[in-house]
Amino acid sequence: MPSSRRPRTDRRAPARFDLSLSENPFPPLPSVLDAVNIEMARSNRYPEFLPRRLPALIAGHLGVQPDQVVVGAGATGVAMQIMQALTAPGAELVTSSPTFDGYPIMAEMAGLNLVPVPLNASGDQDADGLRRAVSKRTALLVLCRPHNPTGTVLPADEVRRFLAAIPNRIPVILDEAYVEFLAEPDQLDLPALLRRHANLIVLRTFSKAYGLAGLRIGYAFGGHDLMGRIRRLQLPFGMATAAVAAVAASYAAAPELGARVRRITAAREHLRNTLCARGTAVPRSHANFLYLPGPGTATALRRAGITAKCYADGSARIAVGDPAADLAVVEALSERVTHR
Ligand SMILES: Cc1ncc(COP(=O)(O)O)c(C=O)c1O
């Protein structure tokens, strides 16, 4: 048979599931969609010149003052604004590696030199390593809790020790993009931390637990001075009017959203237990994704038509919570274990 006609045994299956972006598997709740649609009908009008209603709404929910909240196009937009407002090109950004892909990209856009600190053996952030990486050139630190991609959390006492050891002049982003998936006892006492550390900025998003990634709504909160400096770079007309409606409707739907979060975390635990029982050592995750160590994991998923976030050593991160996708992951990795 001419080689061009031979069946290709390595042919890639078309992607059946895209689990690469840690998205929420559920579409927006009907009540949230209705609220957004009402605003969409008024889309010929501009939103507020500078957002006031959205920060006030979020501040009321958090129990802080409106001027302590800055909103933006996802946590990504807010993080970029923080870099532009608080750092200068040539300075250093210290963070763990691997981390959320956005940080290296934004650091480059802001002209910052990234100082990557490897994760420790248990896949968590190395708080001492991060502290040692701080120099007089450091302009910003980022700590994710839960961490992306491993889903692990730095214990609260380590966070406290870490913040106490960082000079006040260096802003610290505590990235809590997945905080809603974190069990109550693992939550930090943020009011106490914010009182003690004027350099602390908490970063959050409506993309993950709230399932509104496409609407691009993120926010940061912290001390009045720091947030005031960040707000100076607020883009005029930069937040869609629908964001206020989406957030208000989401807060009103807290019980339904909470039930979805519980379904996702239950599915995460079930999937992790199944994979561990079948020989894949999956670290305990506190987010809506699992980190599946390599080698070979990324390839096995790809062959099964599952798009994951892949790492150089063959590991992969997958979003959880879609029962069909979770099952496909188990099948893909079980085959890999049997064929090894
Ligand atoms: C740790 C972390 N921070 C921030 C973000 C950005 O989220 P968004 O820009 O969608 O709000 C992500 C997205 O995956 C993330 O994983």
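Given the structure is predicted, the values throughout are model-derived calculations rather than measurements.

K.L.:
Provide a residue-level description of helix α4 (residues 102-109), including the pertinent values.
P.N.:
Side chains that are three or four residues apart share a direction in an α-helix, a result of its 3.6 residues per turn. Along α4, the residues that are buried comprise G102, Y103, M106 and A107. With its buried residues spanning 130° around the axis, α4 presents them on a single face. Turned more than 90 degrees off the buried face of α4, the exposed positions are E108 and M109. Buried residues along α4 sit in contact with α3 (74-86), β3 (92-97), β4 (113-118), β5 (138-144), β6 (172-175) and β7 (200-205). Among the residues trailing α4, G111 stands out with phi positive, at a value near 75°.

K.L.:
Talk me through the packing of α3 against helix α8 (residues 224-231); I want residue IDs and the actual numbers.
P.N.:
Two packed helices can be described by the angle between their axes and the distance between those axes. One can describe the packing of α3 onto α8 by two numbers: an axis separation of 8 Å at closest approach and a directional angle of 95°. As far as their axial angle goes, α8 and α3 are roughly perpendicular. Two secondary-structure elements touch here, α3 through Q81, I82, A85 and L86 and α8 through L226, R229, I230 and R231. Within the contact of α3 with α8, the residues separate by chemical class into 5 nonpolar, 1 polar and 2 charged.

K.L.:
With reference to specific residues and values, describe the packing of aromatic side chains.
P.N.:
The description of an aromatic ring pair rests on the distance of the ring centres and on the angle between the ring planes. With the rule as written, the count across this model stands at 10 aromatic pairs. Their ring planes at 90° and their centres at 5.5 Å tell us that F100 and Y103 sit as a pair that is edge-to-face. For the ring pair F206 and Y219, a centre distance of 5.8 Å and an interplane angle of 45° mean the geometry is tilted. Separated by 13 residues along the polypeptide, F206 in the loop between β7 and β8 (218-222) and Y219 in strand β8 bring together distant segments of the chain. Judged on exposure class, the residue F206 and its partner Y219 are both buried. Taken together through their ring pairs, the aromatic side chains of F206, Y210, Y219, F221 and Y251 make up a single cluster. For K309, the ring lying beneath its charged end belongs to Y311, and the centroid distance is 5.3 Å. Across the ring face of F289, the terminal group of R317 is positioned such that the distance to the ring centre comes to 5.7 Å.

Rules behind the numbers
Residues numbered from 1 in each chain as written. Predicted model: local features only at pLDDT ≥ 70, side-chain atom pairs only at ≥ 80, totals over all residues. Heavy atoms only, no water. Buried < 20%, exposed > 50% of the residue type's maximum accessible area, 1.4 Å probe, protein only. Helix = DSSP H or I, 4+ residues; strand = E, 2+ residues; numbered from the N terminus. Arc of directions from axis to C-beta. Contact = heavy atoms within 4.5 Å. Axes fitted to C-alpha atoms, helices over the stretch in contact; angles between N-to-C directions. Parallel < 35°, antiparallel > 145°, perpendicular 65-115°, else oblique. Nonpolar A, V, L, I, M, F, W, Y, C, P; charged D, E, K, R; others polar. Phe/Tyr/Trp six-rings, centres within 6.5 Å; stacked < 30°, edge-to-face > 60°. Lys NZ or Arg CZ within 6 Å of the ring centre and 35° of its normal.

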